[in-house]
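# Structural description and commentary
Here is what each chain is made of, one letter per residue.
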Amino acid sequence: MVGFGHFLQTMGNVAPSIRALKKFAPRYFESYVMMRESGGNIRAKNPSSTASGKWQFLDSTWAGYGGYSSAYLAPESVQDARARELWAGGAGCGHWNAC
């Protein structure tokens, strides 16, 4: 197993912690994305787009999921379920600006 210092050197100097989280600790990276998007606020609404909820889903991506017209109207469990579907183990990271 290589040391953390060696790991950071191989990752480069540009946001090594972000790349490290994404590659080696995806569960923590999911939390990072959510905190960057909404600070964990399930009722958050972006003032300049239709993005809303804990994961800042655009209404077009949310697409009436669970019978709710916008993410911020849905309970946290429904928002999390939709995020898990799109996240797909990290493959769907591109759905979020924080990625």
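All of the points below concern the structure found in this document. Treat the numbers as computed from the prediction; the structure is a model and nothing was measured. (Residues numbered from 1 in each chain as written. Predicted model: local features only at pLDDT ≥ 70, side-chain atom pairs only at ≥ 80, totals over all residues. Heavy atoms only, no water.)

## Observations regarding the nonpolar core
In terms of nonpolar packing, the biggest core is built from 14 residues, with Val33, Trp55, Phe57, Trp62, Ala83, Trp87 and Trp96 touching the most fellow members. When residues in this core are grouped by element, the largest group, four residues, is from helix H5 (residues 76-87). Setting aside residues up to four positions removed in sequence, Ala83 forms contacts with Trp55, Phe57 and Trp96. (Core = buried A, V, L, I, M, F, W, Y, C linked by side-chain atoms within 4.5 Å. Buried < 20%, exposed > 50% of the residue type's maximum accessible area, 1.4 Å probe, protein only. Helix = DSSP H or I, 4+ residues; strand = E, 2+ residues; numbered from the N terminus. Contact = heavy atoms within 4.5 Å.)

## Quick notes on the packing of aromatic side chains
Tallying each qualifying case throughout the model produces two aromatic pairs. Considering the side-chain rings of Phe57 and Trp62, the 5.1 Å spacing of their centres and the 55° angle between planes classify their relative orientation as tilted. For the pair shown, Phe57 and Trp62 are each scored as buried. Each ring, one from Trp62 and one from Tyr65, has its centre 5.5 Å from the other, and the planes form 70°; the classification is edge-to-face. On the accessibility criterion, Trp62 (1% relative accessible area) is buried. Exposure remark for Tyr65: the relative accessible area of 23% places this residue in the partly exposed category. An aromatic cluster is present here, built from Phe57, Trp62 and Tyr65 joined pairwise through their rings. (Phe/Tyr/Trp six-rings, centres within 6.5 Å; stacked < 30°, edge-to-face > 60°.)

## Observations concerning the side chain of Ser38
Along the chain, Ser38 turns up in helix H3 (residues 26-38). The buried category is assigned to Ser38, whose relative accessible area is 14%. Engagement of the side chain of Ser38 in a polar contact is seen with the backbone oxygen of Lys54, the distance being 2.5 Å. Those residues in contact with Ser38 that lie beyond four places of it in its chain are Ala44, Gly53, Lys54 and Gln56. (Polar contact = N/O pair within 3.5 Å; in protein donor to acceptor, adjacent residues only side chain to side chain.)

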